[in-house]
Amino acid sequence: MGTTVVGRLAPPVRRRSRPWLALGLGLGALAVVVVLSIAVGASPTTPGQVWDALVAPTGAPSDVVVRELRLPRTLLGILVGAALGVAGVLMQGHTRNPLADPGLLGISGGAAFCVVLSTTVLGVTDVFGYVWFAFAGAALAALLVFTLGAASRGGPTPVTLALAGLAVSELLLALTSAMVLGEGPSLDAYRFWAAGALDDRGAALTLQVLPFVLLGLVLAIANVRALDVLALGEDSARGLGQDVTRARLVGLVAVTLLTGASVAVAGPIGFVGLVAPHVVRSLVGPAHGRLIPLAALVGAVLVLAADVVGRLVVRPAELAVGIVLGIVGAPFFVALIRRRMVKL
Amino acid sequence: MSAPVAGRRPLRAGPVSAVWRPRTAFVVLGGLALLVLVGAASVGRGEYPIALADVLRVLAGAGSRGETFVITQLRLPRVLCGVLVGAALGVAGAITQGVARNPLTSPDVLGVTDGAGVAALAVLVLAGTGGSAVGLLAAVGLPLAALVGGLLAAALVVGLAYRQGLDAFRFILVGLGISVALVSVTSWLLVLANVQQASLALIWLRGSLNARGWEHVVPVAVVLVIVLPIAIVLAFRLDALDLGDDAARGLGERVDRSRVQLLGLAVVLAASACAAAGPIRFVALVTPQVSLRLTGGSRPPLLASAVAGALLVVTGDLVARTVLGGEVPVGVVTVVLGAPYLLYLLVRRTRKDSA
């Protein structure tokens, strides 16, 4: 992976894209982090205990830890990571903008605001209740961002989009914190949820949001051809017979479902949607048919790896996965800008 | 400097020359008058309302004992703190936008506010478990930590974004990345804290003038008194920088040094404002642009921005206290006003770009 300097007039380097190699690497990495995620945690377990818990559970404490806590947590990590990775591809494709990410553009913020609104003001308590609010908030924020993107002909510049995201997220954050301030219990729940964590969620929760994520993934795959055509620009896409409005609508619904579901269940988790598409694109090129499945894979690996790291660094306490990704993702973001991978 | 502006006679005194701009003076004086009015109204409002005339009488030194106590010990420091913090933020924003020649930059994007937030929160949470030392620590340590944190974060952003000169956009994006990392640290500290600390911290993090006394007013006042004159003198160099880097170098300006000096001043101002009242966001972004539109001219005016900043913070605090109820920090009001304004600026730019 060479450092391509945009702006120097060199003939474009044709990188050979190796989708199968990338797939193999991705699956290998996923296998490693899944094993780690099941085997590592606050309560020490030997590999033998883990194996017994998976194959022949007897009801021992280690069995409970592995089957009731770590396994659902791992599945949830895969689900959330895949959802956010694919949401990132969709956002970057639709805005034609390398810095697009559900977190940076305020879509997670929109979902978070509506979730907090529903739990503190309206008294909704279960996920099935507030997931709809998450969808509503994500959809509104996504609509705002897409509209801003449509306001200019060549699409917004990365800076415009990033700042618009900043304005939207700051506004939503201010309103969210105004709601929880002065209310002890909801403030307490809020600060843990807002960090973005996978622990204590349980298998039932994962199953509840699973259909939404699956629907979002199906819509994303249905959006592949349109995204490839839209990469040429909106006018060219129209000229090629693409129904742009419909494609945008499908993309919007998919982003909403994927982001809303993951925020509802795990809180706002940033940078996965930014990093995963960039990593995959550097391996297999810009074709969305490859980007989407591989970004799902890489997103899952990222979230699980961050979760495992979070369990290890401040033992016996835990660092929430959203915090780990925020701290690790920021240098990646800064490097993208400093290396001029992003045209300003 | 060069030929006088048509119809305006330059005022010269030795090496210094300036142009009398009646519009700027009118805006500054009008803003000051408005500020006194809003400030007096804000002093008067509270659990024990005092009429505007009485407030002015007390300030002139002739009021009853009770009223004098309430005003000089409780209400006045709060309002003055708002005035000074707003002024510092306005000037910091005007300098930053003048240096970057970009209306979208501000100390907020430089990471100052989030750096200050993390440092203050760290003091609040990590050191806040002791007993009697807490009061002293909160009074001295927290503002100090906020100041240092803001300076460090800004240094980090400038260091990372500096690459063969300062590009405003690279600046903004690097600042954004750093502030996301800092926000992550903030939410970790919030998780570590106990409930009381967390609730205190969340209010501080929103930027609030609650319970601000003279001990908060004095440091900002000192910083403003020292930094503002330097900034006004140095800001003359912005006139050369406005012509573009090459032209400014040709005129004998040390471009990078002037920029770093001016940015340093802006960061000190913003960080000390943060130390006094917490991060009151968007004031530094919005007020220079608004005062630029009021005064006309090529770049945000320092004094008018200071007055506008003070006016915004004091009015925001008054609105937060009276209309929205006592719990809402002033920072929420400024964000609710400022974020849509930023979106408006962006849409306008985008329209212009695509036209």
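Residues numbered from 1 in each chain as written. Chains lettered and ligands numbered in written order. Predicted model: local features only at pLDDT ≥ 70, side-chain atom pairs only at ≥ 80, totals over all residues.

(A) Broad picture of the overall build of chain B. Counting secondary structure elements, chain B contains 14 helices and two strands. Against the globule reference of 20 Å for 355 residues, chain B gives a C-alpha radius of gyration of 21 Å, in line with a compact fold. Overall, chain B is about 60 × 50 × 40 Å in size when its C-alpha atoms are taken along their principal axes. A total of 355 residues make up chain B; the buried ones form 54% of that total. Long-range contacts, defined here as pairs at least 24 residues apart, represent 76% of the contacts in chain B between residues at least 6 apart. (Helix = DSSP H or I, 4+ residues; strand = E, 2+ residues; numbered from the N terminus. Rg over C-alpha atoms; globule rule 2.2 N^0.38 Å. Buried ≥ 20, exposed ≤ 12 C-beta atoms within 10 Å, placed from the backbone. Contact = placed C-beta atoms within 7 Å.)

(B) The arrangement of the interface of chain A and chain B in detail. Between chain A and chain B, the contact holds 39 residues from the first and 44 residues from the second. Of all the secondary-structure elements, those providing two or more residues to the side of chain A that touches chain B are helix H6 (158–180), helix H7 (184–194) and helix H14 (321–338) of chain A. A total of 12 residues in the side of chain A that touches chain B trace back to one element, the largest contributor, which is H6(A). Looking at the side of chain A that touches chain B, its residues break down into 26 nonpolar, eight polar and five charged. (Nonpolar A, V, L, I, M, F, W, Y, C, P; charged D, E, K, R; others polar.)

(C) Expanded view of the nonpolar core. In this structure, Val86(A), Ala134(A), Val85(B), Ala88(B), Leu269(B), Ala270(B) and Ala271(B) are the most contacted members of the largest nonpolar core, which totals 231 residues. Looking at which element gives the most residues to this core, the answer is helix H3 (residues 65–100) of chain B, with 17 residues. Formed by five residues, the second largest nonpolar core is a distinct cluster that contains Ala226(A), Val229(A), Leu230(A) and Ala247(A). (Core = buried A, V, L, I, M, F, W, Y, C linked by C-beta atoms within 7 Å.)

(D) Representation of the packing of helix H2 (residues 52–59) of chain B against H3(B). All names here are of chain B. Between H2 and H3, the least distance of the axes is 10 Å, while the angle of their chain directions is 80°. On the basis of the axis angle, H2 is roughly perpendicular to H3. In contact with Asp54, Val55 and Val58 of H2, H3 contributes Glu67, Thr68 and Ile71. Split by residue class, the contact of H2 with H3 holds three nonpolar, one polar and two charged. (Axes fitted to C-alpha atoms, helices over the stretch in contact; angles between N-to-C directions. Parallel < 35°, antiparallel > 145°, perpendicular 65-115°, else oblique.)

(E) The arrangement of unusual backbone geometry in detail. All names here are of chain B. Although it is not a glycine, Arg101 sits at a positive phi angle of roughly 50°. Residue position: Arg101 is located in the loop between H3 and helix H4 (112–126). Residue Arg101 is classed as partly exposed on the basis of its 16 C-beta neighbours within 10 Å. Backbone geometry at Phe282 places phi at a positive 75°, although glycine is not the residue there.

(F) View of helix H1 (residues 19–39) of chain A. Residue and element names in this part refer to chain A. For H1, built from 21 residues, the straight-helix expectation of 30 Å at 1.5 Å per residue is met to within 8% by its first-to-last C-alpha distance of 30 Å. Looking only at H1, the buried set comprises Gly26, Val33, Ser37 and Ile38. End-on view of H1: buried residues confined to an arc of 130°, all on one side of the axis. Away from the buried face of H1 by more than 90 degrees, exposed residues Trp20, Leu21, Gly24, Gly28 and Ala31 are located. Contacts from the buried residues of H1 go to helix H2 (47–55), helix H3 (61–95) and helix H13 (288–313). (Expected span 1.5 Å × (residues − 1). Arc of directions from axis to C-beta.)

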